[in-house]
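Observations on the model geometry
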Amino acid sequence: MAILEALLIDLTLRVTDLQRLNAILGDPQTSALITGALVAFAAALPGTFLLLRKLAMTTDAISHTVLLGIVLAFLLLAALPGLEADLNSPWLILGAALAGVATVLLTGAIQRSGLVKEDAALGLVFPLLFAIAIILISRLTDDVHLDSDAVILGEIGVVWADARSHCLQDCDEVHITPDDPRAETGRRCTNCAELDIGPRDPAAEFEEYCVNCGRYTAAEAWRARLVSRAPTQVFWPRAITSMLLVALLNLAFILLFYKELKLGTFDPALAAALGLRPALLNTALMVLVSITAVAAFDAVGSVLVVAFFIIPPATAWLLSDRLAHILLLAPLGGVLASLTGYEFSRGNLLGIAQMRDLLLLLDKTIGLDGFIEWNTSISAAIVLMMFLFFLLAWVFSPRQGLLLSLLQHRARRQHFAEQLLLGHVHHHQGTAEAASELAQDRLHLHLGWTPRRTQRVLMRLRLRDLVASEDGALQLTARGERSVRRFMALRGAGGASPAGD
């Protein structure tokens, strides 16, 4: 990690200066937005395939089963000599990731038995592993505050604070010895503890010792004023590095196995017949999901990660039915939700409304007991923005949006009504009953419609020059005749056609 961060710092300093870089990385908003964008990108790629394979809630299952990995890693650290069981140990994160991998492997093994489907297999595995973790905690670690939140409860708003310092200049360690001019001496009682006396007792004996002797890093030496020049340092948030690695890993996997993943998702039987081994590829995908989930849990928290895996791909799927387009739109949607969600947590709703103004209005109308300050979780605000974009896509999608469906339904009803009226005129014109059947003032009685509906349909047909009126009776125009004949021909062939040319 440190080597990669050093390389990224070197590349970044080629386009900006040190002061500006530290200002960017030390800004909570900028660090949160960068991390959110990386998590959105990393999660949306495998999340798309999870959604299409109807395994969208796999990440939620992993968020429970990683607790077993945390417990086992903690117990192993406590049992091995020379290691300390620390709740902040990176080994606990590794244990969580391995537990997630075990979840997907065990789920795949149960599913391959053919006795249960994938979603049922997942429902069998994660309660089992979670229950084992709870038992181990209650029996073996009851005096330790150990749960999943102890390790993987990230908060995107404080990503900037968990940073690794990289020294670029004046980085030498400082070693203070008793004969060093910078050494500071002090006096301490050598027999006070033994005789149970105080330093002011006449029997107390003292010795001089070096107060500040020892090894100091460059930063520690500067803070202790042991050096005259401050080291040049860059503070790089750890979450940016981990999520960048995961995002690149997921991108490489999707690019390398795009065709195999596509075929295994939509036609696994054909993929198996072609020797593509879809089961093995599915296991590899689920391993990536597990790694992504655990890395992102540590950075931004479990609720936000589950949302990043599911909501942006679902939104993209409403906008397009092509896999390549979904893989492009899903990360973009997640990144946009991160940007707008952070602003929403500060009370700015898409730049068109301020939440404080809305709260003031509600306080005046229904009474909020003075609650007029908008102060909410950044992660929750990002999830809300993701869901808002999903709702907008669900309503206005040009492919299968709710508004489009309503308009199409209305158009089909209008088309049916128009063809019904045209057919009625075609059937009765030129007959002895034409004067009665085609009279405009009695037409609604024969069709079983209201007069108002009949007039609306007639108006549309007249505007399109499909019907005309002569002596109060309707008749088809030449254009109307062609429309009826075409409709009848297509109906006989099993098709349909809109009215008119």
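Residues numbered from 1 in each chain as written. Predicted model: local features only at pLDDT ≥ 70, side-chain atom pairs only at ≥ 80, totals over all residues. Heavy atoms only, no water.

**Remarks on the environment of W374**
Note the threshold: Elements are defined by DSSP. Helices are runs of H or I of four residues or more, strands are runs of E of two residues or more, and each kind is numbered from the N terminus. Residues count as neighbours in contact if any of their non-hydrogen atoms are within 4.5 Å of one another.
Looking at where W374 falls in the secondary structure, it is placed in the loop between α16 (355–365) and α17 (378–396). Excluding anything up to four places from it in sequence, W374 contacts F344, S345, R346, G347, M355 and L359.

**Observations concerning the packing of helix α14 (residues 302–319) against α17**
Packed helix pairs are specified by the crossing angle of their axes together with the interaxial distance, meaning the distance between the axes. The condition is simple: Angles here are taken between N-to-C directions and fall from 0 to 180 degrees, while the axes themselves are lines fitted to C-alpha atoms, restricted in helices to the stretch in contact. For classification purposes, an angle smaller than 35 degrees is called roughly parallel, one larger than 145 roughly antiparallel, one from 65 to 115 roughly perpendicular, and anything else oblique. Left-handed describes a crossing whose near helix is turned anticlockwise from the far helix by less than a right angle; the clockwise case is right-handed. In the scheme used here, Gly and all other residues not listed as nonpolar or charged are polar, with Ala, Val, Leu, Ile, Met, Phe, Trp, Tyr, Cys and Pro taken as nonpolar and Asp, Glu, Lys and Arg as charged.
For the pair α14 and α17, the least separation of the axes is 9 Å and the interaxial angle reads 15°. Relative to α17, the element α14 lies roughly parallel. The hand of the α14/α17 crossing is left-handed. Here V303, L304, A307, F308, I311, P312, A314, T315, L318 and L319 of α14 lie close against α17, whose contacting residues are S379, I382, V383, M386, F387, F389, F390, A393 and W394. Of the residues contributing to the contact of α14 with α17, the split by class is 17 nonpolar, two polar and no charged.

**Considerations on the nonpolar core**
Most often, soluble globular proteins keep nonpolar side chains buried together rather than apart. Our working definition: For this analysis, a nonpolar core means a set of buried residues of the types Ala, Val, Leu, Ile, Met, Phe, Trp, Tyr and Cys, connected via side-chain atoms within 4.5 Å. Only protein chains enter the accessibility calculation, which uses a 1.4 Å probe; a residue whose area is less than 20% of its type maximum is buried, one above 50% is exposed, and one in between is partly exposed.
Of all hydrophobic cores here, the largest spans 59 residues; its most connected members are I156, M243, F308, F309 and M386. Element by element, the count of residues in this core is highest for helix α13 (residues 278–300), at nine residues. Residues L447, L461, L474 and L476 belong to the second largest nonpolar core, which totals 18 residues.

**Quick notes on the pairing of strand β10 (residues 473–476)**
What counts is decided by this rule: One bridge is not enough; two strands pair if DSSP finds at least two bridges between them.
One ladder, built from four bridges, connects strand β9 (residues 467–470) with β10; its direction is antiparallel. Counterpart to E470 in the pairing with β10 is A473. Between the end of β9 and the start of β10, which pair antiparallel, lie two residues, with D471 showing a positive phi angle near 55°.

**Things to note about the packing of aromatic side chains**
Applied cut-off: Each Phe, Tyr or Trp ring (for Trp, its six-membered ring) is paired with any other whose centre lies within 6.5 Å, and the angle between the two planes then decides the class: stacked below 30 degrees, edge-to-face above 60, tilted in between. To sit over a ring, a charge needs its Lys NZ or Arg CZ within 6 Å of the ring centre and within 35 degrees of the ring normal.
Per the stated rule, a full pass over the model turns up two aromatic pairs. Where F253 meets F257, the ring centres are 5.2 Å apart and the plane angle is 50°; that geometry is what we call tilted. Its guanidinium or amino end placed over the ring of F206, R187 lies 4.4 Å from that ring's centre, counting from NZ or CZ. Between the NZ or CZ atom of R225 and the centre of the ring of W222, over which it lies, the distance is 4.9 Å.

**Some details on the packing of helix α4 (residues 58–79) against α13**
Interaxial distance between α4 and α13 falls to 10 Å at its minimum, and their mutual angle equals 65°. The crossing of α4 and α13 is right-handed. Side by side, α4 and α13 meet where T58, T59, I62, S63 and V66 of the first sit next to M286, V289, S290, A293, V294 and F297 of the second. In terms of residue class, the contact of α4 with α13 is built from seven nonpolar, four polar and no charged.

**Notes on unusual backbone geometry**
Positioned with a positive phi, D196 is a non-glycine residue whose angle comes to about 55°. Tracing the backbone through its elements, the reader meets D196 in the loop between α8 (192–195) and β4 (206–210). Positive phi, close to 55°, is recorded for R277, a residue that is not glycine. Inspection of the secondary structure assignment puts R277 in the loop between α12 (268–273) and α13.

**Quick look at the state of the cysteines**
So the rule is basically this: For this text, the term disulfide refers to a pair of cysteine sulfurs within 2.5 Å.
Tallied over the entire structure, the rule returns two disulfides. Disulfide pairing is shown between C189 and C192; the S-S distance is 1.9 Å. Across the S-S bond of C189 and C192 the torsion is about 100°, and the bridge reads as right-handed. The exposure class of C192 is buried, given its relative accessible area of 12%. There is a disulfide in this structure between C210 and C213, and the S-S distance comes to 1.8 Å.

**Here's the deal with α4**
Cut-off, in case you're wondering: How far a helix is expected to stretch is found by multiplying one less than its residue total by 1.5 Å. One fitted axis covers the seven residues ending at a residue, a second covers the seven starting there, and the bend at that residue is the angle between these axes.
Its 22 residues give α4 an end-to-end C-alpha distance of 32 Å, which sits within 8% of 32 Å, the value for a rise of 1.5 Å per residue. Along its length, α4 shows its largest kink, about 30°, at H64.

**With respect to helix α15 (residues 323–345)**
An ideal rise of 1.5 Å per residue puts 33 Å on 23 residues; α15 measures up with 32 Å between its terminal C-alpha atoms. One or two steps after α15, the chain reaches G347, where phi turns positive at roughly 100°.

**Comments concerning the pattern of salt bridges**
Convention followed: Salt bridges, as used here, are contacts in which a Lys or Arg side-chain nitrogen is within 4 Å of a carboxyl oxygen on Asp or Glu.
Evaluated as defined, the whole model comprises eight salt bridges. Salt-bridge contacts for R182 lead to D180; the nearest nitrogen and oxygen are separated by 3.2 Å. The network of salt bridges with common partners includes E418, R460 and R464.

**With respect to the domain arrangement of the protein**
Here is the rule we go by: Domain segmentation is taken from an automatic or database assignment of domains.
Domain boundaries in the protein define domain 1 (2–157 + 237–396), domain 2 (172–230) and domain 3 (403–495). Once you take the C-alpha centre of each, domain 1 and domain 3 turn out to be 57 Å apart.

**Here we look at a nonpolar patch on the surface**
Our working rule: Two distance rules govern patches: like charges are joined within 9 Å, and nonpolar side chains (Val, Leu, Ile, Met, Phe, Trp, Tyr) within 5 Å, applied only to residues with over 30% relative accessible area and no salt bridge. Here, Shrake-Rupley sampling with a 1.4 Å probe gives the accessible areas, and only protein chains in the shown set may cover a residue.
Together, F387, L391, W394, L402 and L406 line one region of the surface with nonpolar side chains, adding up to about 450 Å² of accessible area. Those elements that provide at least two residues to the nonpolar patch are α17 and α18 (402–428). It is α17 that contributes the most residues to the nonpolar patch, three residues altogether. If you trace the backbone, L406 turns up in helix α18.

**Let's talk about the side chain of H166**
When you line up the elements, H166 lands in strand β1 (residues 163–169). When its relative accessible area of 10% is taken as the criterion, H166 is described as buried. Excluding its chain neighbours within four sequence positions, the residues that come into contact with H166 are A2, E5, A6, I9, T232, Q233, V234 and W236.

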